[in-house]
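One-letter residues, chain by chain:
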Amino acid sequence: MYEDYTRQSLPSKKYRELLGSALCVFNSNNSFIIENILRINSETYNWYQLIDRVSGKLAEPIKMTITNKSDTNIADMFSDLVDKRNRIVHSFQVTFNNQQTLFTKDREHEQFHISDDYLLAFIKENESLSSLLHKFRGH
């Protein structure tokens, strides 16, 4: 598929919508994690310091704040989502079933398709994390 703004071939609009939604919900949770860290300990951490960290580098502040006040559920879920987000961001575009789409690989170098179902599952998992973060915050 082509658009007026680029001559490069692109996946379908629906696929790009899911891809954009997946990145947006992850980014929302990343900010929500930072909000919860700061709510607990704004003396040790500040927004500027935390927002500049890549998501994987939030593990220690999460452990020292959120996990310290609850359990490992939020930290574990966020870590898993960071790994999945990284697979999406560090994917590669291919032609598959006569359409442009993204593939990625796992740490064992097994390639797999970032399908609509994969993106929808990622979006749902982010919704579950958001619910946990709301509950942790007390709302």
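Everything discussed here concerns the structure shown above.
Residues numbered from 1 in each chain as written. Predicted model: local features only at pLDDT ≥ 70, side-chain atom pairs only at ≥ 80, totals over all residues. Heavy atoms only, no water.

Here's the deal with the sheet that holds strand 1 (residues 92–96)
Here is the rule: One bridge is not enough; two strands pair if DSSP finds at least two bridges between them. Numbering of helices and strands runs from the N terminus; a helix is a DSSP stretch of H or I covering at least four residues, while a strand is a stretch of E covering at least two. Helix axes use the C-alpha atoms of the stretch in contact, all axes being lines fitted to C-alpha atoms, and the angles between their N-to-C directions lie in the range 0 to 180 degrees.
As summarised here, the arrangement of the three strands in space is 1-2-3, forming an open sheet in which the pairing is antiparallel. The sheet terminates laterally at strand 1 and strand 3 (111–113), the two strands that pair on one side only. When the angles between neighbouring strand axes are averaged without regard to direction, this sheet yields 45 degrees.

Points about the packing of aromatic side chains
Let me state the cut-off plainly: In this analysis, rings of Phe, Tyr and Trp, with Trp reduced to its six-membered ring, are considered paired at centre separations within 6.5 Å, and the interplanar angle assigns stacked below 30 degrees, edge-to-face beyond 60, and tilted for intermediate values. Accessible area is worked out with a 1.4 Å probe on protein chains only. A residue is then buried under 20% of its type maximum, exposed over 50%, and partly exposed in between.
Across all of its chains, the model carries five aromatic pairs by this definition. Centroid distance phenylalanine 26 to phenylalanine 78: 5.8 Å. Interplanar angle 10 degrees. Geometry classified as stacked. Highlighted residues: phenylalanine 26 in helix 1 (residues 13–40) and phenylalanine 78 in helix 4 (residues 73–89), separated in sequence by 52 residues. According to the relative accessible area criterion, phenylalanine 26 is buried, its value standing at 1%. Owing to a relative accessible area of 3%, phenylalanine 78 belongs among the buried residues under this scheme. An aromatic cluster of three or more residues is present, and its members are Phe26, Phe78 and Phe122.

Description of helix 5 (residues 116–137)
An α-helical segment advances 3.6 residues per turn. Residues three or four places apart therefore align on the same side. Operational definition: Expected span of a helix: the number of residues minus one, times 1.5 Å.
Helix length check: helix 5, at 22 residues, gives a terminal C-alpha distance of 31 Å against a target of 32 Å (1.5 Å per residue), a fit within 8%. Where helix 5 ends, the next residue or the one after it, glycine 138, has phi of about 100 degrees, a positive value.

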